[in-house]
Amino acid sequence: MKISVFGCGYLGAVHAACMASLGHEVVGVDVIPEQVAALSRGEAPFHEPGFPELLRSALDTGRLVFTTDVAAAADAVVHFICVGTPQRRGENAADMTYVNAATESIVGVLKPGDLVVGKSTVPVGTATRLADRVQEVEPGARLMWNPEFLREGHAVSDTLEPDRLVYGVRTGDAAADTVAVLDGVYASMLAAGVPRRVTDLTTAELVKTAANSFLATKISFINAMAELCEAAGGDVTELADAIGMDKRIGRSFLNAGLGFGGGCLPKDIRAFMARAGELGADQALSFLREVDAINMRRRVRMVDLAREECGGSIVGRRVAVLGASFKPHSDDVRDSPALSVAAQMQLQGASVVVTDPWAIPNASKKWPDLQFVETAEEALAGAELVLVLTEWPEYVELDPAAAKTMVTTARVLDGRNCLDPEAWRAAGWRYRALGRRDAPAAV
Ligand code: UGA
């Protein structure tokens, strides 16, 4: 099928390459010429495992092109909206500028029978408004909502082998036809057994924001338990393991630590609250304010713990920060808890040295005043305190005995509960973590 993808950022670039790998002819359209040029050369503008290979092989087939020229989408019969919906400056609500602009570009090339498919994360009600706009300009075209659930670091497999596909369709005329068109796009995935659910436009939009809100709530729940463990002397990792064995609860997304960051969960729960307020349903989501507050408190707690460990002041202390990205296997530093802690410590007078396998270019753009080094060894050299803030495998697998020879004082704070406390203590380190006992268990 001939497909256009509007917006070639994280979501759009991966979606475009994946659709081409399924055999479709794909044109990716973006307004940023440098982004288009890089993608056309087969260069991924972000770090994503498996994506550069997929991109290059799709380009080699000739079925994938990138352009800034909207007219190139005129031949396509399915047009995906994959642009970002960042948080509005100084507000909780989502900025719809890009979604609106992409829709206006698409309606300029629509033909009867075309299908517009929204994938961006949008405030509920957007799809209905855009469906009206599509049919106002081209009554023979339709719009569906097909939210994406991809995680950074797993973007390719999440796109090609998702847990489920959700189709939001406007009830009434031509609903079955539009479902059949999108089934054609995803035919091989459906044949491989990926489940799909068809619902109305509104529910489809809500599925996405509800899923991210649930994940954020799960993380903040375990971090609230970490606060309790700190106050009462319990261990949140043991608690998470034990409650996670209950199949109704499950162990995933119960890793306590510095909390969630990135370009999705934080801004999505805020936009969801803002939209609920507009709909007069703000009480229904007031718990998300607490979810957000618990999450932000973890960062403050980490800085406090560092101060405590340094005997009351971090001024002038040499601190090694391992990790800057919001999670491992990503170079994304948007709302990164790790970088936010590093920056706070620097602002409060510590001498902070940050390292990260992938995120230094992005992190140094955001916080040019922080000192960045390439390797963990360089960061550890002469450190009086070590903070592990992103659970990259290379930090999790550090040899505590070797690391001890590099630092001035063997004190480590595990912001992601990712190190083995016994191994670090046995090697002579003072080990502390969020939500865990500050000494070995009595048993
Ligand atoms: C999230 C969702 O997981 C995707 O399903 C969704 O499609 C995406 O947002 C989006 O809306 O585009 P992502 O932001 O890539 O994906 O990252 P996650 O893997 O969800 O992690 C988010 C944050 O939670 C990270 O900072 C991670 O360190 C933190 N986290 C995760 C925890 O603190 N504890 C956990 O147990 C799990």
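Our focus in this paragraph is the sheet that holds strand 9 (residues 318–322). Pairing is parallel across the open sheet formed by 6 strands, whose spatial order is 11-10-9-12-13-14. In the strand order of this sheet, the two ends are held by strand 11 (371–373) and strand 14 (430–433), each with one partner. Adjacent strand axes in the sheet meet at a mean angle of 25°, parallel and antiparallel pairs treated alike. Relative to strand 11, strand 10 (residues 351–355) is paired through 3 bridges, and the arrangement is parallel. Counted as the bridge partner of Thr 355 is Val 373 from strand 11.

In total, this model carries 32 salt bridges according to the counting rule given. Among the ionic pairs, Arg 416 bridges to Glu 391, the shortest N-O distance being 3.8 Å. One end of the pair, Arg 416, is in the loop between strand 13 (411–414) and helix 18 (421–426); the other, Glu 391, is in the loop between strand 12 (385–388) and helix 16 (393–396), and 25 residues separate them in sequence. By relative accessible area, which is 13% here, Arg 416 ends up buried. If you follow the salt bridges from partner to partner, you end up with Glu 230, Arg 298, Arg 301, Glu 308, Glu 309, Arg 430 and Arg 432 in one network.

Here the focus is the domain arrangement of the chain. Many descriptions give the size of an interface as the accessible area lost when the pieces come together. Each assigned domain of the chain is listed with its residue range as follows: domain 1 (2–194) and domain 2 (235–433). Placing the centre of domain 1 and that of domain 2 at their C-alpha centroids yields a distance of 33 Å. Listed as interface residues are 16 residues of domain 1 and, on the opposing side, 15 residues of domain 2. Across the domain 1 to domain 2 interface the summed buried area is about 1400 Å²; carbon plus sulfur atoms make up 54%. Considering only the side of domain 1, the residues that lose the most area to domain 2 are His 47, Asn 92 and Glu 152, jointly responsible for 43% of the buried surface there. Summed over the shared surface of domain 1 and domain 2, the number is 1 salt bridge. Residue Arg 334 pairs with Glu 152 through a salt bridge whose shortest N-O separation is 3.2 Å. At the junction of domain 1 with domain 2, the criterion picks out 8 residue pairs in polar contact (both at pLDDT 80 or more). Classifying every residue of the side of domain 1 that touches domain 2 gives 7 nonpolar, 7 polar and 2 charged.

Calculation rules
The residue numbering used here restarts from 1 in each chain and proceeds along that chain's sequence as written. Residue-level local features of this predicted model are given only where pLDDT is at least 70; pairs of side-chain atoms are given and counted only at 80 or more, and the full residue set underlies all totals for whole chains, interfaces and linings. Side-chain measures were taken over the full set of non-hydrogen atoms in the model, leaving aside hydrogen atoms and water. Strand pairing is assigned whenever DSSP identifies at least 2 bridges connecting the two strands. Elements are defined by DSSP. Helices are runs of H or I of four residues or more, strands are runs of E of two residues or more, and each kind is numbered from the N terminus. Here an axis means a line fitted to C-alpha atoms, over the contact stretch when the element is a helix, while the angle between two N-to-C directions is reported on a 0 to 180 degree scale. For this analysis, a salt bridge means a side-chain nitrogen from Lys or Arg found within 4 Å of a carboxyl oxygen belonging to Asp or Glu. Under the scheme applied here, a residue whose accessible area is under 20% of the maximum for its type counts as buried, over 50% as exposed, and between as partly exposed, the area being computed with a 1.4 Å probe on protein chains only. Delimitation of the domains relies on an automatic or database domain assignment. We call two residues in contact whenever any of their non-hydrogen atoms come within 4.5 Å of each other. A 1.4 Å probe defines the accessible area here, and the buried area is the portion of it lost by two parts on being joined, summed over both. Side-chain atoms alone can form a polar contact between residues adjacent in sequence; in general such a contact is a pair of N or O atoms within 3.5 Å, and within protein one must be able to donate a hydrogen while the other accepts it. The nonpolar class holds Ala, Val, Leu, Ile, Met, Phe, Trp, Tyr, Cys and Pro. Asp, Glu, Lys and Arg form the charged class, and all remaining residues, Gly among them, are polar.

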